Amino acid sequence: MNIFQAHTSSEPLEHSSFPDYKIFRKGDLIFHQGDDSEGFYLLKKGTIKLQKTLPNGTQTILRIVSEGEIFGDFFPSQDHSNSCSAFVIEEDTLVQKLDADKLNSPEIHKQFTHQLLNLNRQMGIRHDRFLSIEAEERIKASLYDLGSKRGKKFGDETLLKINLTHEEIAFLADTSRQMVTKTLSALKKSGLINYSRNRFLFRDLNQFKPAVS
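Model, not experiment: these values are computed from the prediction.

*Asks:* When you look at helix H2 (residues 106-132) in this model, what are you seeing that I'm missing?
*Replies:* Residues spaced three or four apart along an α-helix face the same direction, because each turn holds 3.6 residues. With 27 residues, H2 ought to run about 39 Å at 1.5 Å a step, and its terminal C-alpha atoms sit 39 Å apart, in line with that. Those residues of H2 not exposed but buried are Ile108, Phe112, Gln115, Ile125, Arg126 and Arg129.

Spelled out as C-alpha cells, the structure:
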C-alpha cells in the first residue's frame, strides 16, 4: 500500500486506516468535532484550520496550523471527543500521525510541551484582544499574526500566501465578514496592504503590530 496515497473523501479518516504519513487535498476533513478523538498529528507540510462550532451555533477558527506544529485532542484510550474539526486549506498537505511512542520521544515531547504552552499564551492574548480592542484592530492583529508567522520578506514588504476567505479571517478576529471586507478595503485604499484571493502584500507589516501581543 502506498502510504502517500491522497485522501479525497469529505469524510473523516478511520483511525485504523491512517498510516504514518498521509497527503491530503484542499478541503479534506481530517477529523470532525464531536467524534471520538484519535490522538495527535504533526503537520509536515501545508496548512490546516481548526474550526469549532459553538453552543449557540456560530463558528470560529481556533487557529491556523502551520508546518512543524502539532494538533489534535487526547489519545484514543482516553475516551474523549474532538473539541473542533480539522480542515485542510492547502493542496498536498502532508500529515504525520503521532502515536504514544512518538510523543514520548525526547524531541517530540519537548516540541509538544513548548507548543502547548505557546498555544495557551496565544489563547490568552486573543481573549485580551477581544475584551480590549475594537474589531478593526483585531482584524489587523490577526493579519499581523499570520504575516509574522507565515509571510516572506521582500525588502520592507511582506508577502503572505494563505487560502482564507473574508469570513474565515472574521472567525479568527472574532468579528463579522462585513467588518473584514470594510477594513481590508480601507487598508488597501490607504496603501498599507494589497490583496487578491489568497495573497496579501503588506507594505510594512510593523504597522499592523497590535498593542496587545
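Still to come is the rest of the account.
*Asks:* Is there a simple way to explain the pairing of strand S7 (residues 85-88) in this structure?
*Replies:* The two faces of a sheet get side chains in turn, since along a regular strand they alternate between them. Strand direction decides the pairing type here: strand S2 (residues 29-31) and S7, joined by 2 bridges, are antiparallel. Its bridge partner lying in S7, Phe31 is registered against Ala86. With 4 bridges joining them, strand S4 (residues 48-53) and S7 adopt antiparallel strand pairing. Directly across from Ile48, in S7, lies its bridge partner Val88.

*Asks:* Explain the sheet that holds strand S9 (residues 152-154) to me, please; I cannot follow it from the model alone.
*Replies:* Pairing between sheet strands relies on hydrogen bonds along the backbone, with the strands arranged either parallel or antiparallel. Sheet architecture is open: 4 strands sit in the order S9-S10-S12-S11, paired in antiparallel fashion. Of all the strands in the sheet, the pair left with one neighbour each is S9 and strand S11 (193-196). Taking the axes of each pair of neighbouring strands and ignoring which way they run, one obtains an average angle of 20 degrees across the sheet.

*Asks:* Whenever I open this one, the packing of helix H3 (residues 135-150) against helix H5 (residues 177-189) confuses me. Can you help?
*Replies:* Think of two packed helices as two axes; the pair is described by the angle between the axes and how far apart they sit. In contact at an axis separation of 10 Å, H3 and H5 are set at 75 degrees when each is read in the N-to-C sense. Compared by their axis directions, H3 and H5 come out roughly perpendicular. When H3 is examined against H5, the residues Ala135, Glu136, Ile139, Lys140 and Leu143 are found in contact with a partner set consisting of Met179, Val180, Thr183, Leu184 and Leu187.

*Asks:* Just to check I follow, could you spell out the sheet that holds strand S1 (residues 21-24) for this structure?
*Replies:* Read from one edge of the open sheet, 4 strands run S1-S8-S3-S6, paired in antiparallel fashion. With partners counted over all chains shown, the strands left at the sheet margins are S1 and strand S6 (70-73), one partner each. Within the sheet, the average angular offset between the axes of one strand and its neighbour, ignoring direction, is 30 degrees. Set on the sheet, H2 makes contact with strand S3 (39-45), S6 and strand S8 (93-98); between it and S6 the angle comes to about 75 degrees.

*Asks:* What is the right way to look at the nonpolar core in this model?
*Replies:* The tendency in soluble globular proteins is for nonpolar side chains to be buried as a group. In this structure, Ile64, Leu143, Leu164, Ile193, Phe200, Phe202 and Phe208 are the most contacted members of the largest nonpolar core, which totals 25 residues. Elements that contribute at least two residues to this core include exactly strand S5 (59-65), H3, helix H4 (166-173), H5, S11 and strand S12 (199-202). For this core, the element with the most residues is H4, which contributes 5 residues. Summarising the domain contributions, this core has at least three residues from each of domain 1 (21-101) and domain 2 (135-208). Among all residues touching Ile64, those that are not within four sequence positions of it are Thr47, Ile48, Lys49, Glu69, Ile89, Leu146, Lys149, Ile162, Leu164 and Leu172. Formed by 13 residues, the second largest nonpolar core is a distinct cluster that contains Tyr41, Leu43, Ile48 and Val65.

*Asks:* Help me understand the layout of surface pockets, please; the structure alone is not making it clear to me.
*Replies:* To find leftover empty space, one rolls a probe the size of a water molecule over the atoms. Each pocket or cavity is described by its volume, and for the largest pocket that value is around 920 Å³. Residue lining of the largest pocket: 36 residues in total, with Leu62, Arg63, Leu119, Gln122 and Met123 positioned closest to the centre. Mapped by element, the contributors of at least two residues to the lining of the largest pocket are S5, S6, H2, H3 and H4. For the lining of the largest pocket, the element with the highest residue contribution is H2, accounting for 13 residues. Residue composition of the lining of the largest pocket, grouped by class: 18 nonpolar, 9 polar and 9 charged. Residue assignment places the lining of the largest pocket across two domains, with domain 1 (21-101) and domain 2 (135-208) each supplying three or more. One number sums up the size of the second largest pocket: a volume of about 250 Å³.

*Asks:* Would you explain H4 in this entry?
*Replies:* Most of H4 is tucked away: 6 of the 8 residues are buried. For H4, the secondary structure elements touched by its buried residues are S4, S5, H2, H3, H5 and S12. Positive backbone phi, approximately 55 degrees, marks Asp174, located one or two places after H4.

Parameters and conventions
- Residues numbered from 1 in each chain as written.
- Predicted model: local features only at pLDDT ≥ 70, side-chain atom pairs only at ≥ 80, totals over all residues.
- Heavy atoms only, no water.
- Helix = DSSP H or I, 4+ residues; strand = E, 2+ residues; numbered from the N terminus.
- Expected span 1.5 Å × (residues − 1).
- Buried < 20%, exposed > 50% of the residue type's maximum accessible area, 1.4 Å probe, protein only.
- Pairing = 2+ DSSP bridges.
- Axes fitted to C-alpha atoms, helices over the stretch in contact; angles between N-to-C directions.
- Parallel < 35°, antiparallel > 145°, perpendicular 65-115°, else oblique.
- Contact = heavy atoms within 4.5 Å.
- Core = buried A, V, L, I, M, F, W, Y, C linked by side-chain atoms within 4.5 Å.
- Domains from an automatic or database assignment.
- 1 Å grid on protein atoms, 1.4 Å probe; cavity = no way out; pocket = protein on both sides within 12 Å on 5 of 7 lines; lining within 4 Å.
- Points joined across faces, edges and corners; volume = space filled by probe spheres on them.
- Nonpolar A, V, L, I, M, F, W, Y, C, P; charged D, E, K, R; others polar.

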